[in-house]
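These are the residues of each chain, in order.
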Amino acid sequence: LRQVVADGGIKASLAFEVMEEPKALRLDPLQEVEALYTLKNTGEQRWTNVKASQGRKEVYSDSSLLIDSGRQVDLRFPLLSGLDGGRERFSFAVTINGQRMSQALKLDFIVKKPQYRYDLISLEGADLSLLLGEERSVSLTLKNTSNFPWLAEGPYQVQVQEVKRR
């Protein structure tokens, strides 16, 4: 358990203790999981608003809270692992009643290496040669057997491309 305070005092006006945090995770690439942090109000002031952000992205916000000193609140928010295998760290800034706390919540995890695999289900229209300038529609059906989803958009989109043989 860690004591985190905004102003460095032992019994600060705003302070919290992490009662529960996510355990070490081993995730597939692009896997979404829910993070759960349980924070205990160890300060003197009632919490009426708690936020958590990762960089500029707000991942949790609740302005309907009434968390008195000694009480706890659960922060639940989704996390998305990256595509590259290896160690990753998420860090979340905590803001209570509009004041950013001095220490962040951190989560370390391991992302399995991506395994690019597929099964060819069917290929139609590619059995004939093409003359110079000739076009033909081809139908290709693939089954994703990788350990991550194929996305049509975004930084990790998967595309089928023509390969020219010499």
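Residues numbered from 1 in each chain as written. Predicted model: local features only at pLDDT ≥ 70, side-chain atom pairs only at ≥ 80, totals over all residues. Heavy atoms only, no water.

A separate point is the pairing of strand β6 (residues 57-62). Direction of pairing for strand β5 (residues 50-54) relative to β6: antiparallel, over a ladder of five bridges. The residue bridging Val 50 from the neighbouring strand is Asp 62, located in β6. Where β5 hands over to β6, the hairpin turn is made up of two residues, of which Gly 55 adopts a positive phi near 65 degrees. (Pairing = 2+ DSSP bridges. Helix = DSSP H or I, 4+ residues; strand = E, 2+ residues; numbered from the N terminus.)

What follows is about the packing of aromatic side chains. The tally for this structure, following the rule as stated, stands at six aromatic pairs. Seen in terms of ring centroids, Tyr 37 and Phe 77 are 6.1 Å apart; in terms of plane orientation they differ by 15 degrees. Their pairing is stacked. Remark: Phe 77 occurs in strand β7 (residues 72-80) and Tyr 37 occurs in strand β4 (residues 32-41); sequence separation between them is 40 residues. Exposure remark for Tyr 37: the relative accessible area of 0% places this residue in the buried category. Grouping aromatic residues by their ring pairs yields a cluster made of Tyr 37, Phe 77, Phe 90, Phe 92 and Phe 109. (Phe/Tyr/Trp six-rings, centres within 6.5 Å; stacked < 30°, edge-to-face > 60°. Buried < 20%, exposed > 50% of the residue type's maximum accessible area, 1.4 Å probe, protein only.)

Looking at the chain, pLDDT values average 84 and 90% of them are 70 or higher. Strand β1 (residues 3-5) is the least confidently modelled element of the chain, averaging 51 in pLDDT, while β4 averages 91, the highest of any element. (pLDDT = per-residue confidence, 0-100.)

Time to look at the nonpolar core. General note: in soluble globular proteins, nonpolar side chains tend to be found buried as a group. Within the largest apolar cluster, 28 residues are counted, with the highest numbers of intra-cluster contacts made by Phe 16, Tyr 37, Leu 39, Trp 47, Leu 75, Phe 77 and Phe 92. When residues of this core are traced back to their parent elements, those giving at least two are β2 (15-20), β4, β5, β6, β7, β8 (86-96) and β10 (105-111). Beyond its immediate sequence surroundings of up to four residues, Trp 47 is in contact with Leu 14, Ala 15, Phe 16, Leu 39, Lys 40, Asn 41, Leu 65, Leu 66, Ile 67, Val 73, Ile 96 and Asn 97. (Core = buried A, V, L, I, M, F, W, Y, C linked by side-chain atoms within 4.5 Å. Contact = heavy atoms within 4.5 Å.)

A word on the pattern of salt bridges. Across all of its chains, the model carries six salt bridges by this definition. Its salt-bridge partner being Glu 58, residue Lys 51 comes within 3.9 Å of it at the nearest N-O pair. Asp 108 serves as the salt-bridge partner of Arg 89, at 2.7 Å between the closest nitrogen and oxygen. With Arg 89 in strand β8 and Asp 108 in strand β10, this residue pair connects regions lying 19 residues apart in the sequence. Residue Asp 108 is classed as partly exposed on the basis of its relative accessible area, which comes to 42%. (Salt bridge = Lys/Arg side-chain N within 4 Å of Asp/Glu carboxyl O.)

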